[in-house]
Amino acid sequence: MKKQNVVIVLADGFEEIEALTPMDVLRRLGCDVCLAGLSGEMVQGAHGLCVKADKRFEEVNFSSADAIVLPGGLPGAVNLRNHSGLRKELQKAAAEGRITAAICAAPIVLQDAGLLKYGFYTGYPGSEKLAESAGMHYTESLTERTGSIITAKGPGAAFAFSREIALALGCSESEFSLLEKAMIMEKE
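Residues numbered from 1 in each chain as written. Predicted model: local features only at pLDDT ≥ 70, side-chain atom pairs only at ≥ 80, totals over all residues. Heavy atoms only, no water.

Visitor: Which residues make up the sheet that holds strand S1 (residues 5–10), and what are the values?
Guide: Strand order in this open sheet of seven strands is S5-S2-S1-S6-S7-S11-S10, and the pairing throughout is mixed. Edge positions in the sheet fall to strand S5 (55–56) and strand S10 (143–146), since each has one partner strand and no second. Examined bridge by bridge, S1 and strand S6 (residues 67–70) share three bridges and lie parallel to one another. Across the sheet, the residue bridging to Val6 is Ala67, located in S6. Helix H1 (residues 16–28) contacts S1, strand S2 (32–37) and strand S7 (99–103) of the sheet and is inclined by roughly 165° relative to S1. (Pairing = 2+ DSSP bridges. Helix = DSSP H or I, 4+ residues; strand = E, 2+ residues; numbered from the N terminus. Contact = heavy atoms within 4.5 Å. Axes fitted to C-alpha atoms, helices over the stretch in contact; angles between N-to-C directions.)

Below, the structure written as structure tokens:
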């Protein structure tokens, strides 16, 4: 897999597994992953874990990001949605065909940015009506990909979400299978 640049945006109240699993998986695959703190360098997760971001949001060069990843969690997803600077970066990325990915409650951020327009999406139960009027269709799948937009259901889908992002960034199935073996990901 060619080296890709990924930004995972952390807001206070983020769902830890939904941020740290993609970070770990994508770094293992050779991606340059930057954790961007929306409100500063130290960001507190929904379950009390404090994470030191690699950079503050204002320090990130989003134009070099091949993917922007949004973990869910509450109030993390709401904090992401309310940040106008993030909304603009997501709109730019989508207009350029770069990956925008959101899991759990974070598809509300994509909807607010006007990016859920057609195709399929998934998210935390309760988000079924999120984009019905915009032409999107909710599914019960762990992950969904419509063009450059990736969505995932919730915390239990964090690894599948990471896989979908990796494949969208050009990782081959065989490369990902090697990673699964190295991580002792047993298939039952």
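Visitor: Describe the pairing of S7, with residues and values.
Guide: Most of S7 is tucked away: five of the five residues are buried. On S7, burial covers both faces: Ile99, Ala101 and Ile103 on one face and Thr100 and Ala102 on the other are all buried. Taken together, the four bridges between S6 and S7 define a ladder with parallel strand orientation. The partner of Ile68 across the bridge, within S7, is Thr100. Taken together, the four bridges between S7 and strand S11 (residues 149–152) define a ladder with parallel strand orientation. (Buried < 20%, exposed > 50% of the residue type's maximum accessible area, 1.4 Å probe, protein only.)

Visitor: Lay out the pattern of salt bridges with the relevant residues and their values.
Guide: In the structure shown here, the tally under the stated rule is ten salt bridges. Residues Glu89 and Lys92 are paired through a salt bridge, measuring 3.8 Å at the closest nitrogen-oxygen approach. Linking Glu89 with Lys92, this pair stays in helix H3 (residues 84–95), spanning three residues, or about one helical turn. You can call Glu89 buried: its relative accessible area is 18%. With a relative accessible area of 45%, Lys92 lands in the partly exposed category. For Glu96, the salt bridge goes to Arg98, with nearest N and O atoms at 2.9 Å. Salt bridges sharing partners connect three or more residues here, namely Arg56, Glu58 and Glu59. (Salt bridge = Lys/Arg side-chain N within 4 Å of Asp/Glu carboxyl O.)

Visitor: A description of H1 should follow, citing residues and the corresponding values.
Guide: Think of an α-helix as 3.6 residues a turn; residues three or four steps apart then line up on the same face. In this model H1 runs 18 Å from its N-terminal to its C-terminal C-alpha over 13 residues, within 8% of the 18 Å that 1.5 Å per residue would give. Within H1, the full set of buried residues consists of Glu16, Glu18, Ala19, Thr21, Pro22, Met23, Val25 and Leu26. Residues of H1 that are buried sit in contact with S1, S2, S7, helix H5 (158–168) and helix H6 (173–182). Positive phi appears at Gly30, one or two residues downstream of H1, with a value of about 95°. (Expected span 1.5 Å × (residues − 1).)

Visitor: Explain the packing of H5 against H6 residue by residue, including any values.
Guide: At a closest axis distance of 10 Å, the pairing of H5 and H6 adopts a crossing angle of 145°. Here H5 runs over H6; the crossing is right-handed. Two secondary-structure elements touch here, H5 through Phe159, Arg163, Ala166 and Leu167 and H6 through Glu173, Phe176 and Glu180. Across the contact of H5 with H6, the residue classes break down as four nonpolar, no polar and three charged. (Left-handed = near helix turned anticlockwise from the far one by under 90°. Nonpolar A, V, L, I, M, F, W, Y, C, P; charged D, E, K, R; others polar.)

Visitor: Please give an account of the nonpolar core that cites residues and values.
Guide: Most often, soluble globular proteins keep nonpolar side chains buried together rather than apart. Counting 32 residues, the largest nonpolar core has Val6 and Ile8 as its most contacted members. The set of elements that each furnish at least two residues to this core consists of S1, H1, S2, S6, S7, S11, H5 and H6. Residue contributions to this core peak at five residues, all from H5. The residues touching Val6, leaving out its near neighbours within four places in the chain, are Leu26, Cys31, Asp32, Val33, Cys34, Ala67, Val69 and Leu169. (Core = buried A, V, L, I, M, F, W, Y, C linked by side-chain atoms within 4.5 Å.)

Visitor: I'd love a proper account of the packing of H1 against H5, names of residues and values included.
Guide: Relative to each other, H1 and H5 sit at 45°, their axes nearing to 9 Å. Here H1 is positioned oblique relative to H5, judged by the angle of their axes. Taken as a pair, H1 and H5 cross one another with a handedness that is right-handed. Between H1, through Ile17, Glu18, Thr21, Pro22, Val25 and Leu26, and H5, the contact on the second element is made entirely by Ala158, Phe159, Phe161, Ser162, Ile165 and Ala166. Along the lines of polarity and charge, the residues of the contact of H1 with H5 split into nine nonpolar, two polar and one charged. (Parallel < 35°, antiparallel > 145°, perpendicular 65-115°, else oblique.)

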